[in-house]
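Residue-level structural notes
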Amino acid sequence: GEVLRLNPNTTEDDLSMLPRATDGSSGAKVSCSVVESAAGSYSVSASVSDDRGRVFQLSAAEVIAGIGTNAQISWISPQLDSFMSSSVCTLTVDEVLEGGGAIQLTYDCPQFMNKSRPSNVCKAVGTVVLEQCDR
C-alpha cells in the first residue's frame, strides 16, 4: 500500500530515520498520488490519517524539479485542538525515486497557522517521502 514518511525539521540524509506511515498498518490510512504531467513536472497529493484522528494533507498542482512551487499543507490534531494549515508553502523536489509513484520533497511553510486562533502562527519545515503512490 501507499507509504508516507514525514520528518519535520529533518537534518539527517538517511531516509530510514523518517517516521513511516503505511496504509492499513497500525490504524493508518494513507493515500497519495505522484503523477508526472510533463518531463520533470509532477502533480502531487497525499493524505494520511490515524486512529487518533490526526490528519496530514499535502497538495501541489505542479511541482517542477529544481524549482520551488506553491503548495497547500494542513495538519489536524484533535488531541491538541489544533488545525494548522498554510497555502503559501514552498515545495521542492529533492529526488524522484525509481519506478514512478515515489518522490522526496522538502516543504517550507513560513506562515503555518491555526485558523481558529489567527494569532497562533508558526513556521513549518521538513521532508516528506511518498512511495508506492498512484501514478
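Residues numbered from 1 in each chain as written. Predicted model: local features only at pLDDT ≥ 70, side-chain atom pairs only at ≥ 80, totals over all residues. Heavy atoms only, no water.

On to the state of the cysteines. For the structure on display, the rule yields two disulfides. Note on cysteine connectivity: Cys32 is disulfide-linked to Cys133, with sulfurs 2.0 Å apart. The S-S bond linking Cys32 to Cys133 shows a torsion near -95°; that makes this disulfide left-handed. With Cys32 in strand 3 (residues 29–38) and Cys133 in the segment after strand 9 (117–131), the pair connects residues that are 101 residues apart, well separated along the chain. What makes Cys32 buried here is its relative accessible area of 4%. Residue pairing for Cys89: its cysteine sulfur links by disulfide to Cys109, the two sulfurs lying 2.0 Å apart. Handedness of the Cys89-Cys109 disulfide follows from its S-S torsion of about 105°: it is right-handed. Placement of the pair is Cys89 in strand 7 (residues 82–96) and Cys109 in strand 8 (residues 103–114), with a sequence separation of 20 residues. A relative accessible area of 1% places Cys89 in the buried class. (Disulfide = S-S within 2.5 Å. Helix = DSSP H or I, 4+ residues; strand = E, 2+ residues; numbered from the N terminus. Buried < 20%, exposed > 50% of the residue type's maximum accessible area, 1.4 Å probe, protein only.)

With that out of the way, let us pick up the pattern of salt bridges. Applying the stated criterion to the full structure yields two salt bridges. Between Arg54 and Asp50 there is a salt bridge, with its nearest N and O atoms 2.6 Å apart. What makes Arg54 partly exposed here is its relative accessible area of 27%. The shortest N-O distance in the salt bridge between Lys123 and Asp108 comes to 3.4 Å. (Salt bridge = Lys/Arg side-chain N within 4 Å of Asp/Glu carboxyl O.)

Judged by nonpolar contacts, the single largest core of 24 residues is most densely connected at Ile73, Leu91, Leu105 and Leu130. Within the residue set of this core, elements represented by two or more residues are strand 3, strand 4 (41–49), strand 5 (55–64), strand 6 (69–77), strand 7, strand 8 and strand 9. Sequence-distant contacts of Leu105, that is, excluding residues within four places in its chain, are made with Val44, Val63, Leu91, Thr92, Val93, Asp94, Gly126, Thr127 and Val128. (Core = buried A, V, L, I, M, F, W, Y, C linked by side-chain atoms within 4.5 Å. Contact = heavy atoms within 4.5 Å.)

Across eight bridges, the pairing between strand 4 and strand 5 is antiparallel. What sits directly across from Val44, in strand 5, is Ala60. Here strand 4 hands over to strand 5 after five residues, with Gly53 in that stretch at a positive phi of 85°. (Pairing = 2+ DSSP bridges.)

By the element assignment, Thr69 lies in strand 6. By relative accessible area, Thr69 is classed as buried at 17%. Within the local environment of Thr69, its side chain forms a polar contact with the backbone oxygen of Glu62, the two atoms lying 2.8 Å apart. What Thr69 contacts, discounting residues up to four positions off in sequence, is Glu62, Val63, Cys89, Thr90 and Leu91. (Polar contact = N/O pair within 3.5 Å; in protein donor to acceptor, adjacent residues only side chain to side chain.)

Residues other than glycine seldom take positive phi values, yet Ser26 does so here, at roughly 55°. Position of Ser26 among the secondary structure elements: in the loop between strand 2 (20–22) and strand 3. Using a relative accessible area of 68% as the deciding quantity, one classes Ser26 as exposed. Positive phi values are uncommon outside glycine, yet Gln132 reaches one of about 55°.

Purely geometric stuff here, so don't read any function into it on its own.
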